[in-house]
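# Chains, contacts and geometry: an overview
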Amino acid sequence: MGRNISSLHVPHNKHTAACVPVRIETPKEVILPMNMHSGHDAEPIVKVGDHVRVGQLIAREEGRFSSPVHATVSGTVTEISAMEVAGGETLAIHIESDGLMEIDPSVKAPEFSDCDGFLQAVRDGGIVGLGGAAFPTWAKFNEAKNPDYKVDTVLVNAAECEPYITSDHRMMLAHPELIADGIEYLRKYMNEYLGNAKFMICIEKNKADAIEVLKKTFEGKDYVVIHELKTIYPQGAKQVMLYNATGRVAVAGRRFPSFGALIVNVSSLAKMAEYLNTGMPLVERIVTVDGPAVEKPMNLIAPIGTRVSELLKYTGLKSEPGKVVMGGPMNGTAICSADDPIVKISNSVLIFDEKNSVLPEASPCINCGRCMEKCPVGISVPMVDKVMSVEKEERRVKLLIDTGVRQCVDCGCCTYVCPANRPLLEINKQARSYIKKYLAAQKEKEGGAKA
Ligand code: SF4
Ligand code: SF4
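Source: prediction; values computed, not measured.

Angle between the axes and distance between the axes are the two parameters that describe a pair of packed helices. Running from N to C, helix H3 (residues 167–174) and helix H6 (residues 208–217) cross one another at 35°; their axes reach a closest spacing of 9 Å. Taken as a pair, H3 and H6 cross one another with a handedness that is left-handed. From H3, His169, Met172 and Leu173 reach across to H6, where they touch Asp209, Ala210, Val213 and Leu214.

Okay, structure coming up:
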């Protein structure tokens, strides 16, 4: 059955598992960055002074691969300006709320009758992967149409294996009917491509109440399997989930559906169904607020674009924050300040106190091999590090690709186990970004030469 996929036992810290999400009061302002998805930034179509309502399109897709942005409160556009984000800069639309949360008249359940119409609707709703990568959901489903692939399994990723985060867990308890609707939409409108596909809801065993709810919801539906997974990290990484659910091994450089499977995050599926049922795009989400500096960890329902500081008014702080992380402690991203907004993929905001924020000093690699041993896709990060200093650029890129670094799932297991405290995940991220830029520049050069 192939290789063993490595994993780690990390402290769960799921303090908010029993916390029913609380809807926050409408914030005074929301800030909506144009890059809340993978691909090209969205293009604003409103201007300063415009009045907008909840669900109104305010930025359209730009380029072949992008996602639209909708107003998440009603009010006035006060600013459209550049904003610093991890890895660069993007435009952000600021909306001052009028406190009314007036719904835009365009918010109506979309009408469609075939697969293309269905995919277009998912696209229009701004639905993206809410588990971390923010890949536009329609594009993921669209891949199943490739005649070279034969998709027989849809993995619904409900693992939520990162410590602290419980937003998917709470979504499953609150809205199992939306997960069921999401599956039915796929079965109906993608029937030609998904045929008799099995839907496997992959969930870690530490969510016993959600497992029970899902079993009841799908009772008698033999095309849905509730697949219980061991509570180990990183069960939610797509390559790990594919192997643990189907025994298939993802090979570097191939698209995921070529292994006969699609994978979709459970909250994305639910939000997709909500949009298709009501016409309300992705304008709010459940976000777990926790971490060592948080007084009262909670799950909150907040408009996308709400500042983190607004959320902290509910949870309070018990010590001075040292670091604010969006996402989990293993693969989340530190943000500039608590004034930054939550975005579509913000399943959690973790606040670490100063003591827990100081990174231990890195020392030289002792070649212990633990990072590679614990990497679910078998990458040797010390090798990636070494190759980055190869002199000739072309050779450097070739060797980097050979290390398999592009298969990295950003799980952070390597960094976690390294006794020398080396920033291995960071090294990998830099290497991947370097390869991407190099290949893009090459493509541009080739295009220029042909023209
Ligand atoms: S190299 Fe990537 S996939 Fe492997 S352990 Fe590190 S972060 Fe995870
Ligand atoms: S775990 Fe750290 S010390 Fe060990 S081989 Fe990897 S980088 Fe080197």
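Let's shift gears to the domain arrangement of the protein chain. Segmentation of the protein chain into domains returns domain 1 (22–107 + 281–355), domain 2 (115–278) and domain 3 (370–450). Taken over C-alpha atoms, the centre of domain 1 sits 30 Å from the centre of domain 3.

Looking now at the packing of aromatic side chains. In this structure the tally under the stated criterion is 9 aromatic pairs. With 5.0 Å between their ring centres and 55° between their planes, Phe65 and Phe135 make a pair best called tilted. Placement of Phe65 in the loop between strand S5 (57–60) and strand S6 (69–70) and of Phe135 in the loop between helix H1 (115–124) and helix H2 (137–142) is noted, with a sequence separation of 70 residues between them. For Phe135, a relative accessible area of 22% corresponds to the partly exposed category. Considering the side-chain rings of Tyr185 and Tyr189, the 6.5 Å spacing of their centres and the 25° angle between planes classify their relative orientation as stacked. With Tyr185 and Tyr189 both in helix H4 (residues 176–189), this residue pair falls 4 residues apart, about one helical turn.

Before going further, it helps to spend a moment on the site of ligand 1. The immediate surroundings of ligand 1 are formed by 14 residues, with Cys375, Cys408, Cys411, Cys414 and Asn428 found nearest. Broken down by secondary-structure element, the contributors of at least two residues to the shell around ligand 1 are helix H14 (413–417) and helix H15 (424–450). For the shell around ligand 1, a count of residues per class yields 11 nonpolar, 2 polar and 1 charged.

So, on to the environment of Ala237. Looking at the element boundaries, Ala237 is found in the loop between strand S11 (224–229) and helix H7 (238–246). Using a relative accessible area of 10% as the deciding quantity, one classes Ala237 as buried. Taking the C-alpha atoms as reference points, Ala237 and Phe352, separated by 115 residues in sequence, lie 24 Å from one another.

Before going further, it helps to examine helix H13 (residues 393–402). Think of an α-helix as turning once every 3.6 residues; residues three or four places apart then point the same way. Of all the positions in H13, only Arg396, Val397 and Leu400 are classed as buried. Down the axis of H13, the buried set is contained in an arc of 95°. They therefore lie on one face. In this structure, H13 carries Glu394, Arg395 and Asp402 as exposed residues pointing more than 90 degrees from its buried face. Phi turns positive, to about 80°, at Gly404, one or two residues after H13.

Before going further, it helps to spend a moment on unusual backbone geometry. In terms of backbone geometry, most residues other than glycine have negative phi values and most peptide bonds are trans. At the junction of Tyr233 and Pro234, the peptide bond is cis and its omega measures out at 0° in the coordinates. Secondary-structure assignment places Pro234 in the loop between S11 and H7. Residue Met101 is not a glycine yet carries a positive backbone phi of 50°. Note on placement: Met101 falls in the loop between strand S8 (88–97) and H1. A relative accessible area of 29% means that Met101 is categorised as partly exposed. Phi angles above zero are rare outside glycine, and Asn367 is one such case at about 55°. Tracing the chain through its elements places Asn367 in the loop between helix H10 (354–357) and helix H11 (370–374). Taking relative accessible area as the criterion, Asn367 reaches 65% and is therefore assigned exposed.

Further remarks concern the sheet that holds strand S7 (residues 75–85). One open sheet accounts for 4 strands, arranged S2-S8-S7-S4; its pairing is antiparallel. For this open sheet the edge positions go to strand S2 (29–33) and strand S4 (51–52), each flanked by a neighbour on one side alone. Strand direction decides the pairing type here: S2 and S8, joined by 5 bridges, are antiparallel. Looking at the pairing, Ile31 lines up with His94 of S8.

The strand order across the open sheet built from 6 strands is S1-S14-S13-S17-S15-S16, with neighbouring strands paired in mixed fashion. The open sheet is flanked by strand S1 (22–23) and strand S16 (333–335), the only strands paired with a single partner. With 3 bridges connecting them, strand S15 (residues 321–326) and S16 associate as antiparallel partners. For Val325, the partnering residue across the bridge sits in S16 and is Ala334. In the packing of helix H9 (residues 308–315) onto the sheet, contacts are made with strand S13 (284–290), strand S14 (298–303), S15, S16 and strand S17 (348–353), and the angle to S14 comes to roughly 140°.

Criteria and thresholds
Residues numbered from 1 in each chain as written. Chains lettered and ligands numbered in written order. Predicted model: local features only at pLDDT ≥ 70, side-chain atom pairs only at ≥ 80, totals over all residues. Heavy atoms only, no water. Axes fitted to C-alpha atoms, helices over the stretch in contact; angles between N-to-C directions. Helix = DSSP H or I, 4+ residues; strand = E, 2+ residues; numbered from the N terminus. Left-handed = near helix turned anticlockwise from the far one by under 90°. Contact = heavy atoms within 4.5 Å. Domains from an automatic or database assignment. Phe/Tyr/Trp six-rings, centres within 6.5 Å; stacked < 30°, edge-to-face > 60°. Buried < 20%, exposed > 50% of the residue type's maximum accessible area, 1.4 Å probe, protein only. Near = heavy atom within 4 Å. Nonpolar A, V, L, I, M, F, W, Y, C, P; charged D, E, K, R; others polar. Arc of directions from axis to C-beta. Pairing = 2+ DSSP bridges.

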